[in-house]
Amino acid sequence: MKLGEGVEAAVHCAAMLAGVEGGATLSGAAMAEAFGLSPSYLLKHLNMLSAARILESVSGPAGGYRLARPAERITLLDIVLAVEGREPAFRCGEIRQRGPVKLDASAYIKPCGINAAMLKAERAYRTALAETKLSDIVATYAAEGDPRSLAASCAFVARHQRPQKSSSTKQA
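Residues numbered from 1 in each chain as written. Predicted model: local features only at pLDDT ≥ 70, side-chain atom pairs only at ≥ 80, totals over all residues. Heavy atoms only, no water.

Caption draft 1: Examining the overall build of the chain more closely. Secondary structure assignment for the chain yields seven helices and two strands. When the helices and strands of the chain are read in sequence order from the N terminus, they spell out α-α-α-β-β-α-α-α-α. For 172 residues, the compact-globule estimate of 2.2 N^0.38 gives 16 Å, and the C-alpha radius of gyration of the chain, at 21 Å, exceeds that figure by more than 25%. Here the C-alpha coordinates of the chain stretch approximately 70 × 35 × 25 Å along the principal axes. Residues classed as buried in the chain amount to 31% of the 172 residues present. Of all intrachain contacts in the chain linking residues separated by at least 6 positions in sequence, the fraction that spans at least 24 positions is 70%. When the accessible surface of the chain is split by element, carbon and sulfur atoms take 57% of a total near 10,500 Å². The distance from the centre of the 21 positive side-chain charges to the centre of the 16 negative ones in the chain is 6 Å. (Helix = DSSP H or I, 4+ residues; strand = E, 2+ residues; numbered from the N terminus. Rg over C-alpha atoms; globule rule 2.2 N^0.38 Å. Buried < 20%, exposed > 50% of the residue type's maximum accessible area, 1.4 Å probe, protein only. Contact = heavy atoms within 4.5 Å. Areas by Shrake-Rupley, 256 points an atom, 1.4 Å probe, with all protein chains shown as cover. Lys, Arg positive; Asp, Glu negative; His and termini not counted. Charge placed at Lys NZ, Arg CZ, Asp CG, Glu CD.)

Caption draft 2: Structural view of the state of the cysteines. Going through the model one piece at a time under the given rule, you end up with zero disulfides. C92 takes part in no disulfide bond, and the closest cysteine sulfur, belonging to C112, lies 4.1 Å away. On the accessibility criterion, C92 (28% relative accessible area) is partly exposed. (Disulfide = S-S within 2.5 Å.)

This is how it looks when you write it as structure tokens:
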């Protein structure tokens, strides 16, 4: 299973946003800087997360992004599906029914065994992602991450978070 680089960026940004205080936000530009990514590339993925209601975008001078719901209610599957889409990774084209060894349709009554095996693997993969919450990832990093990395990440968030004065409107 190969996931796009956008999934990694999306999970890291969501984890970073789990560290902002209260209703504060982080700008897309700040998160792009933190991970050495192009702001336009990252904004595409942040918008996908916002459309999936994983993130909330806040407009205005202190605008940016924040989690739309608590980290314990966001799974890795939520993030992967927001970025990669809901289609299965394997798409059976029924190529067994093409070419010179093709038979009439009555020979293909049973489902393709390859497709069945791949879909079974996909279900297991998605189940594992659904069982892993963003809060689990953040807690593991806090408990097991290198203290220097943790301190640097926390300092970055503290420097770049944008406190909100009141309930803000959406769309950053």
